[in-house]
Amino acid sequence: MTARHALVVKKDCPTCALIAPVIPVLAERLDGGLAVYVQDDPAFPENVAAIDDRELAFSWRNEIEVVPTLLRGGEDDAGNARVIGWDRAQWREFTGIADLGEGLAPFRPGCGSRTLEPGMAERLAARHAAFGARRIELAVAEDELEACFERGWTDGLPVVPPTPERVIRMLAGSERDAGEIIGEIPPDRVPCTIEKLAINAVMAGCKPEYFPLVTAAVEAALDDRFCMHGLLCTTYFSSPVVIVNGPAAQRAGMNSGVNALGQGNRANATIGRALQLLIRNVGGGVPGGIDRATLGNPGKYTYCFAEDESDPDWPSLAMDRGFKREDSVVSLFAGEGLQAIVDQQSRTPESLAGSFTASLRAVAHYKWFGACDAILVVSPEHRRVLRGAGWSKSDLRRALHERLRVPAEAVLRGADGVAEGMPEALRGKTLRKFRDGGLHVVSLGGTAGMFSAIIGGWVAAGERGSQMVSRAVRDHGT
């Protein structure tokens, strides 16, 4: 504004109507002049030419929350001095006009600015804010959902069109700057901003409160130890598995109980999907392109759950990895589909550990040792058997460690008449199914059913392959 002062009003405000007689006085006597902005009817006020602010550009840039608001300062200076509502003594002091408003009521509260109308903040930000991502204009008759399919932005299921308003709402779920580069997304190593991450979170169907979890999952995926690029290129089954611990999982309403690895929970479904869509849409990881999985697995849509942390005596996965129980943590694992363990007869931990061991031997192939990692998912019913005999999680780990050792002769190529197996050079050695730190144990599931499970890992584990990576959730009190 060229004038040194600005007044923001709207006709549909009794206080603005009350002060209409003082507006010409302000325009005439204020040092530096006055610009009047009206939010609804440009014919108001009748006695002064006003500037049409029905698009609320000036009001939004200057953070107007109440009308009338009288400002003093430079153009679009959100921090400039101001008075709001009508307080005759305050306005006289602010303007230096000793007789301002003589004959008017001494005080009237203002009205809410149109910028505070429901949904208006997102619409205004979308209208006036600068986005780093390019906008795609659709034809008037073009269907938004079909347009996303036609442009190759989906994983085969419908996505939520990422309108500017939706993206702004998603960004409000994070304390990080929209332009911040979170990293280079494989396989094409394309620099990715928080804004682009928000766009894909919208498309996945996330709520803003999920966004810090999505961000932590992406940060874990970009850690070189996870080897996201290699995971995309492999012909193996694996995909990212997202495990969430801590208060953030509860705030997001994630499922760690009945059907936790199935459908029905929005947070579980969309947080994992957002990571997958980002890899596809930003990084270029498209099936049939760089993604060469022979069979794949349904987890390539989404594979995400929260751990059951209801037992205070059972350390969580995050605690196993050096975090505190009160920390919110996202861990990423390169895993394949789910392998069931059915044991409805064991009533001792020794027997149950035997069932777990035999099933774990089958990961990837019963004669492959040291090739991949795994997650053992222990159900509440099986955890009850362990706890009833006084076994801790550490006790279970020790038992599994001892039982998952075999003489190499039992699993060499050709043994049992099976050509697959370990190389002859290992003859005479004792082999372990999993490397140090390669077997992870989590608790999950409903309280009915003596069923546990295994999530087998990618057959490229360890320092030269993929390792589990964990990241603390940073935003919004987590």
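Heads up: these notes are all about the structure in this document. The residue numbering used here restarts from 1 in each chain and proceeds along that chain's sequence as written. Local features in a predicted model are, by the rule used here, given only for residues with pLDDT of at least 70; side-chain atom pairs are given and counted only at 80 or more, and totals for whole chains, interfaces and linings are based on all residues. Hydrogens are left out, water is left out, and the side-chain values use all remaining heavy atoms of the structure.

Side note on empty space enclosed by the protein
At step 1: Of the grid points, spaced at 1 Å and generated over the protein atoms alone, those admitting a 1.4 Å probe that cannot get out make up cavities, while open sets with protein on both sides within 12 Å along at least five of seven lines make up pockets; any residue with an atom within 4 Å of a point is treated as lining. Grid points are joined across faces, edges and corners, and a volume is the space filled by probe spheres set on the points. Scanning all chains against the criterion turns up 2 cavities of 30 Å³ or more.
At step 2: The space that makes up the largest cavity amounts to roughly 60 Å³.
At step 3: For the largest cavity, the full set of lining residues is Phe333, Ala334, Asp373, Gly457, Trp458, Ala461, Ser466, Gln467 and Met468.
At step 4: When grouped by side-chain class, the residues that make up the lining of the largest cavity number 5 nonpolar, 3 polar and 1 charged.
At step 5: By volume, the second largest cavity is sized at about 40 Å³.
At step 6: Along the walls of the second largest cavity sit Arg176, Pro212, Thr215, Ala216, Glu219, Ala472, Val473, Arg474 and Asp475, which together make up its complete lining.
At step 7: By the criteria applied, helices consist of DSSP H or I runs no shorter than four residues and strands consist of E runs no shorter than two, each listed in order from the N terminus. Considering each element in turn, the lining of the second largest cavity owes the most residues, 4 residues, to helix 9 (residues 211-221).
At step 8: Looking at the lining of the second largest cavity, its residues break down into 4 nonpolar, 1 polar and 4 charged. Basically, the charged four are Asp, Glu, Lys and Arg, the nonpolar ten are Ala, Val, Leu, Ile, Met, Phe, Trp, Tyr, Cys and Pro, and anything else, Gly included, counts as polar.

A word on the pairing of strand 18 (residues 439-443)
At step 1: The rule is simple: take the accessible area with a 1.4 Å probe, protein chains only, and divide by the maximum for that residue type; under 20% is buried, over 50% is exposed, in between is partly exposed. In terms of burial, strand 18 is a largely internal element, 5 of the 5 residues being buried.
At step 2: Burial along strand 18 is two-sided: Leu439, Val441 and Ser443 facing one way and His440 and Val442 facing the other are all buried.
At step 3: For two strands to be treated as a pair, DSSP must find at least two bridges joining them. Bridging between strand 15 (residues 374-378) and strand 18 involves 5 bridges; their strand directions are parallel. Paired with Leu376 across the bridge in strand 18 is Val441.

So, the side chain of Asp311
At step 1: The topology assignment puts Asp311 in the loop between strand 13 (304-306) and helix 13 (317-320).
At step 2: Assessed through its relative accessible area of 10%, Asp311 is described here as buried.
At step 3: Any two residues whose heavy atoms approach within 4.5 Å at even a single point are treated as in contact. Not counting chain neighbours up to four residues away, the residues in contact with Asp311 comprise Arg325, Arg383 and Arg387.

Considering the packing of helix 14 (residues 349-361) against helix 16 (residues 393-403)
At step 1: Viewed as axis vectors pointing N to C, helix 14 and helix 16 meet at an angle of 50 degrees, and their least axial separation amounts to 10 Å. Comparing their axes, helix 16 and helix 14 come out oblique. Along this stretch, helix 14 crosses helix 16, giving a crossing that reads as right-handed. For the pair formed by helix 14 and helix 16, the contact residues are Glu350, Ala353, Gly354, Phe356, Thr357 and Leu360 on the first element and Leu396, Ala399, Leu400 and Arg403 on the second. Angles run from 0 to 180 degrees between N-to-C directions of axes, and those axes are lines fitted to C-alpha atoms, restricted for helices to the stretch in contact. Roughly parallel means an angle under 35 degrees; roughly antiparallel, over 145; roughly perpendicular, 65 to 115; everything else is oblique. Whether a crossing is left-handed or right-handed is set by the direction in which the near helix is turned from the far one by less than a right angle, anticlockwise for left-handed and clockwise for right-handed.

Re the packing of helix 8 (residues 194-204) against helix 9
At step 1: Where helix 8 contacts helix 9, the axes come no closer than 11 Å and their chain directions differ by 115 degrees. Remark: the crossing between helix 8 and helix 9 carries right-handed chirality. Along the contact surface, helix 8 presents Ile194, Leu197, Ala198 and Ala201, while helix 9 presents Phe211, Val214, Thr215 and Val218.

Side note on the side chain of Thr357
At step 1: Assignment of secondary structure puts Thr357 in helix 14.
At step 2: Each residue touching Thr357, except ones within four places of it in the same chain, is listed here: Leu400, Arg403 and Leu404.

Some points on the pattern of salt bridges
At step 1: Any carboxyl oxygen of Asp or Glu that lies within 4 Å of a side-chain nitrogen of Lys or Arg is treated as forming a salt bridge with it. Counted under the stated rule, the structure contains 25 salt bridges.
At step 2: Arg471 is the salt-bridge partner of Asp223, the closest N and O atoms lying 2.8 Å from each other. Remark: Arg471 occurs in strand 20 (residues 469-472) and Asp223 occurs in the loop between helix 9 and helix 10 (228-233); sequence separation between them is 248 residues.
At step 3: Each of Arg176, Glu180, Glu219 and Arg474 takes part in one network of salt bridges that share partners.

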